Each structure stands twice: as structure tokens, then as C-alpha cells.
Amino acid sequence: MDAPDKELFPALSKVVRSREVNLAPFARVDNGTAATYDSWDRHTLEAWTAIDAFAKVKDPESREWNDKPCEPLFGGALCAKQDKDGNLMIEV
């Protein structure tokens, strides 16, 4: 059974804010006073990975793609999925 939005978004916001990244529409982590950094550190990358995963779960088309089984090709050397148009997309 899928987790409802009432459970997913609070979990997402906890992960993102614990890594000191702002997540709209709620309160900012730093109230706009912290220095901004151009480079991405490990915490920023983890926060945006969580946001990306949340977006994939919420989008029905992306969810359908991720739930498809992968078909082994060339004796299992490659794994591919068929897109809407029937093209084989190799999974990396």
C-alpha cells in the first residue's frame, strides 16, 4: 500500500530541513540570514535527492515508469524498459 501525502511530505521536510535546505511552502531554515554557498556539499545533495524521489512518487507517469519490470537483454548483460512509443530504454 502506498503511503499517503500526509505521511510523505512531513518525512520529506524532516529529511530536507535536517540538512539545512529550505523547502517551500513552509518556514525557512535560516530565516534568510545564512550565507549561501555555490558549491554543493553532501547534505545538499542528499536533500535534493529526497526532493527528487518525492516528486517521482507523486507523478503518476513517472511512477508507472519506475514500477515497470526491467527486461534482461543479451543474456542479462543489459536491462531495458519499453517507453510509451515502444522504444527500448536501457537502464543504467
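Bear in mind that the values here come from a model prediction, so they are computed numbers and not experimental data.

## Observations regarding the packing of aromatic side chains
1) Next: The tally for this structure, following the rule as stated, stands at one aromatic pair.
2) Next: For the ring pair phenylalanine 9 and phenylalanine 54, a centre distance of 5.8 Å and an interplane angle of 65° mean the geometry is edge-to-face. Pair noted here: phenylalanine 9 is in helix H1 (residues 5-18) and phenylalanine 54 is in helix H2 (residues 42-58), with a separation of 45 residues, a long-range link. In this structure, phenylalanine 9 and phenylalanine 54 share a single accessibility class: buried.
3) Next: Directly above the aromatic system of tryptophan 65 lies the positively charged group of lysine 81, at a separation of 5.3 Å from the ring centroid.

## Brief notes about H1
1) Next: The terminal C-alpha atoms of H1 lie 20 Å apart, and with 14 residues this matches the ideal 20 Å at 1.5 Å per residue to within 8%.
2) Next: Packing partners of the buried residues in H1 comprise H2.
3) Next: Two residues or fewer past H1, glutamate 20 is found with a positive phi of approximately 60°.

## Notes on the packing of H1 against H2
1) Next: Between H1 and H2, the shortest axis-to-axis distance is 9 Å and the interhelical angle comes to 165°. Compared by their axis directions, H1 and H2 come out roughly antiparallel. Regarding H1 and H2, the two cross each other, and that crossing is left-handed. Here Asp5, Leu8, Phe9, Leu12, Val15 and Val16 of H1 lie close against H2, whose contacting residues are Ala47, Ala50, Ile51, Phe54, Val57 and Lys58.
2) Next: For the contact of H1 with H2, a count of residues per class yields 10 nonpolar, no polar and two charged.

Reading the values: rules and limits
- Residues numbered from 1 in each chain as written.
- Predicted model: local features only at pLDDT ≥ 70, side-chain atom pairs only at ≥ 80, totals over all residues.
- Heavy atoms only, no water.
- Phe/Tyr/Trp six-rings, centres within 6.5 Å; stacked < 30°, edge-to-face > 60°.
- Helix = DSSP H or I, 4+ residues; strand = E, 2+ residues; numbered from the N terminus.
- Buried < 20%, exposed > 50% of the residue type's maximum accessible area, 1.4 Å probe, protein only.
- Lys NZ or Arg CZ within 6 Å of the ring centre and 35° of its normal.
- Expected span 1.5 Å × (residues − 1).
- Contact = heavy atoms within 4.5 Å.
- Axes fitted to C-alpha atoms, helices over the stretch in contact; angles between N-to-C directions.
- Parallel < 35°, antiparallel > 145°, perpendicular 65-115°, else oblique.
- Left-handed = near helix turned anticlockwise from the far one by under 90°.
- Nonpolar A, V, L, I, M, F, W, Y, C, P; charged D, E, K, R; others polar.

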